[in-house]
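Residues per chain are reported as follows:
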Amino acid sequence: MKLKELVLLILVLAISVFVTRFLVTVEPAHGTTPTGKELYQKHCASCHGADAKGVEKMAKMLKVTIRDLTKLANIPDSTKTWPKIIADGKAKMPAFNKKLKEAEVSSVIAYIHTLAPASGKSETPAAKDTTKVTK
Ligand code: HEC
């Protein structure tokens, strides 16, 4: 039946328009607070890498060691200092206290923890956490 086909076509078009609009509007996350992952990728990945293991090129450029955060994340004493390091900066590490709220710093740290292998596995993380080359 002609009419039925037409109705079906309109329906399909309407759905696809709806779906694309939905996808487009949802992605930039208007008004909602960005997730730790989004914040990390925006502010940290350039130096620390999407996997938090450190960007070697950046380390060379800055002439510093960028340590593998996924290994440090399993050392409780090390993560205790992170909120302060991220807020105030440390050596070549820039301060983020003007860019990130306290809660955002926490969610970024939480995200880094999701990148770290489960802490149950004992790989003596303290012994070799300086994997990145400096020069
Ligand atoms: C311009 C490059 C750069 C950016 C961007 C950057 N960092 Fe860093 N980060 C560094 C460097 C370099 C160090 C090592 C500082 C030092 O010499 O101890 C560091 C150290 C750290 C440390 C301490 C690790 C350690 O060695 O004990 C943490 C945690 C950290 N960064 C998290 C972050 C987070 C989270 C962000 C994003 C909000 C971020 N960094 C953005 C360069 C950067």
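Refer to the structure printed above.
Structural notes, computed from the coordinates.

About the criteria used
Here, residues in each chain are numbered from 1, in the same order as that chain's written sequence. In view of the model being predicted, local features appear only for residues whose pLDDT reaches at least 70, and side-chain atom pairs are presented and counted only at 80 or more, with totals across whole chains, interfaces and linings using the full set of residues. Strands here are runs of E lasting at least two residues and helices are runs of H or I lasting at least four, both read from the DSSP assignment and numbered beginning at the N terminus. Between the buried cut of 20 or more and the exposed cut of 12 or fewer other C-beta atoms within 10 Å of a residue's own C-beta lies the partly exposed class, and all C-beta atoms are placed from the backbone. Any residue pair is listed as a contact if its two C-beta atoms, each placed from the backbone, are within 7 Å. The criterion for a residue being near a molecule or strand is simple: its C-beta atom, placed using the backbone, must lie within 6 Å of it. Only Asp, Glu, Lys and Arg are considered charged, only Ala, Val, Leu, Ile, Met, Phe, Trp, Tyr, Cys and Pro nonpolar, and every remaining residue, Gly among them, polar. With axes taken as lines fitted to C-alpha atoms, and helix axes fitted only over the stretch in contact, angles between N-to-C directions fall between 0 and 180 degrees. These descriptions rest on fixed angle ranges, namely under 35 degrees for roughly parallel, over 145 for roughly antiparallel, 65 to 115 for roughly perpendicular, and the rest for oblique. In this description, a nonpolar core means buried residues of the types Ala, Val, Leu, Ile, Met, Phe, Trp, Tyr and Cys, linked to one another by C-beta atoms lying within 7 Å.

This part is about the overall build of the protein chain. Within the protein chain, the secondary structure is distributed over 8 helices and 0 strands. Mapped in sequence order, the helices and strands of the protein chain form the string α-α-α-α-α-α-α-α. Within the protein chain, buried positions represent 16% of all 135 residues. Taking as baseline every contact in the protein chain between residues at least 6 positions apart, the subset at least 24 positions apart corresponds to 60%.

Cys44, Cys47, Ala91, Lys92 and Met93 are the nearest of the 22 residues found near the ligand. Those elements giving two or more residues to the shell around the ligand turn out to be helix H3 (45-48), helix H4 (56-62), helix H5 (69-72) and helix H7 (82-88). Split into classes, the residues belonging to the shell around the ligand amount to 16 nonpolar, 3 polar and 3 charged.

Moving on, we get to the packing of helix H2 (residues 36-43) against helix H8 (residues 102-115). In the contact formed by H2 and H8, the axes pass within 8 Å of each other and the chain directions differ by 90°. In this view, H2 runs roughly perpendicular relative to H8, as classed from their interaxial angle. Residues Gly36, Lys37, Leu39 and Tyr40 of H2 form the contact with H8, whose own contacting residues are Glu104, Ser107, Val108, Ala110, Tyr111 and Ile112. In terms of residue class, the contact of H2 with H8 is made up of 6 nonpolar, 2 polar and 2 charged.

Counting residues in hydrophobic clusters, the biggest one holds 11 residues: Leu39, Tyr40, Cys44, Ala52, Leu69, Ala73, Ile86, Leu100, Val105, Val108 and Ile112. For this core, the secondary structure elements donating two or more residues are H2 and H8. Here this core gets 3 residues from one element, more than from any other, and that element is H8. With near-sequence residues (within four places) excluded, Ile112 lies in contact with Tyr40, Ala52, Leu69 and Ala73.

Positive phi is not limited to glycine here, since Lys63 has a value of about 55°. Using a count of 9 C-beta atoms within 10 Å as the deciding quantity, one classes Lys63 as exposed. For Ala91, which is not a glycine, the phi torsion comes out positive at approximately 50°. Classification of Ala91 as exposed rests on a count of 9 C-beta atoms within 10 Å.

The subject of this paragraph is the environment of Ala116. Assignment of secondary structure puts Ala116 in the segment after H8. Between the C-alpha atoms of Ala116 and Ala52, which are 64 residues apart in sequence, the distance is 8.5 Å. When neighbours within four sequence positions are excluded, Ala116 is seen to be in contact with Thr70, Ala73 and Asn74.

On to the environment of Val108, then. Summarising the element assignment, Val108 is placed in helix H8. We classify Val108 as buried; it has 26 C-beta atoms within 10 Å. Note: C-alpha distance between Val108 and Thr35 (73 residues apart in sequence) is 7.8 Å. Not counting residues within four places of it along the chain, the set of residues in contact with Val108 comprises Gly36, Leu39, Tyr40, Cys44, Ile86 and Leu100.

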